[in-house]
Amino acid sequence: MAAAATPGREVVLETGRLLLRPWRVAEAVVQRELWSERDPRVPPHRRIDADGHPTVAELEDWIRTNQPSSIGLLAVERKAARDVIGYCGLIDGGRGSEGEPELAFELLRRVWGQGYATEASLAVLDWARSSGYERLWATVWDWNTASRRVLAKVGFTETERKEVDAVYGTTLFATRRL
């Protein structure tokens, strides 16, 4: 894995099959597809609403104004196909502890089960370690067995901490020392 991570500069991570980099405005359609594919058990504020929001135009605006410089959710691009298949990165101010960001990833359904989430997550973990982070968090729905499996593969351990939602399920907290 190669990384170019200088404070105030774009983060670009590379693995054997993937390039993790900032989103491009034209890729808002991929973000919209991710929103549309989400499991119905995901809370409504994270799914397309009855009025069709967020729209591609709204996601384009979000990309224009929210480019990560040292932390954030990076587009995951397959190098061979040159297509964006989702995101992976770090969320600062997530639900973990202060100064310990949260690993997050989401991929299009058509590429599930091919090891991309694991590969992208390992690249982000390497980058986080080289950036001086000592521990990361991750949150995952108890019913999301595929994401729980990815987190276990990359060395996260589920903690006793949970947030129970009677409608959408229980959010589990996992952590990993770097």
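Just so it is clear, the model here is predicted, and its values are computed rather than measured. (Residues numbered from 1 in each chain as written. Predicted model: local features only at pLDDT ≥ 70, side-chain atom pairs only at ≥ 80, totals over all residues. Heavy atoms only, no water.)

This part covers the packing of aromatic side chains. Evaluation of the coordinates by the stated rule reveals 2 aromatic pairs. Where W127 meets Y133, the ring centres are 6.4 Å apart and the plane angle is 55°; that geometry is what we call tilted. Residue class for Y133 comes out partly exposed when judged on its relative accessible area of 23%. When the centroid spacing of 5.9 Å and the interplanar angle of 10° are considered together, the rings of W141 and W143 count as stacked. Neither W141 nor W143 differs from the other in exposure class; each is buried. The lysine or arginine in question, R38, covers the ring of W35, its NZ or CZ lying 4.7 Å from the ring centre. (Phe/Tyr/Trp six-rings, centres within 6.5 Å; stacked < 30°, edge-to-face > 60°. Buried < 20%, exposed > 50% of the residue type's maximum accessible area, 1.4 Å probe, protein only. Lys NZ or Arg CZ within 6 Å of the ring centre and 35° of its normal.)

On the secondary structure map, A81 appears in the loop between β4 (73-78) and β5 (83-91). C-alpha separation for the pair A81 and L18, spaced 63 residues apart in sequence, amounts to 9.8 Å. (Helix = DSSP H or I, 4+ residues; strand = E, 2+ residues; numbered from the N terminus.)

As a further point, take the environment of E60. The residue E60 is located in helix α2 (residues 56-65) in this model. E60 sits 29 residues away from Q31 along the chain, and the two C-alpha atoms are 9.2 Å apart. Apart from residues no more than four positions distant in its own chain, E60 is found in contact with V25 and A28. (Contact = heavy atoms within 4.5 Å.)

Below, the discussion takes up the pattern of salt bridges. Counting across every chain of the model gives 14 salt bridges. The salt bridge involving R17 is made with E119; its shortest N-O contact spans 2.7 Å. Taken together, the residues span a long stretch of sequence, with R17 in the loop between β2 (12-14) and β3 (18-21) and E119 in helix α3 (residues 116-130) at a distance of 102 residues. Residue classification places R17 among the partly exposed positions, given a relative accessible area of 34%. Assessed through its relative accessible area of 17%, E119 is described here as buried. Notably, a salt bridge pairs E106 with R38, separated by 2.6 Å at the nearest N-O pair. Highlighted residues: E106 in strand β6 (residues 102-107) and R38 in the loop between α1 (28-37) and α2, separated in sequence by 68 residues. (Salt bridge = Lys/Arg side-chain N within 4 Å of Asp/Glu carboxyl O.)

This part takes up the confidence of the model for the protein chain. Looking at the protein chain, the pLDDT average stands at 91 and 90% of residues meet or exceed 70. Between residues 1-8, whose pLDDT stays under 50, and residues either more than four places distant or in other chains, the model counts 17 contacts. (pLDDT = per-residue confidence, 0-100.)

This part covers the side chain of E100. In this structure, E100 sits in the loop between β5 and β6. The buried category is assigned to E100, whose relative accessible area is 18%. At a separation of 2.9 Å, a polar atom in the side chain of E100 contacts the side chain of R135. Side-chain polar atoms of E100 contact the side chain of W137, separated by 2.9 Å. When neighbours within four sequence positions are excluded, E100 is seen to be in contact with R135 and W137. (Polar contact = N/O pair within 3.5 Å; in protein donor to acceptor, adjacent residues only side chain to side chain.)

What follows deals with unusual backbone geometry. Of the consecutive residues H53 and P54, the connecting peptide bond is found in the cis state with omega at 0°. Assignment of secondary structure puts P54 in the loop between α1 and α2. If you check the backbone angles, R82 has positive phi at about 60° while not being a glycine. Residue placement: R82 occurs in the loop between β4 and β5. Residue R82 is classed as exposed on the basis of its relative accessible area of 67%.

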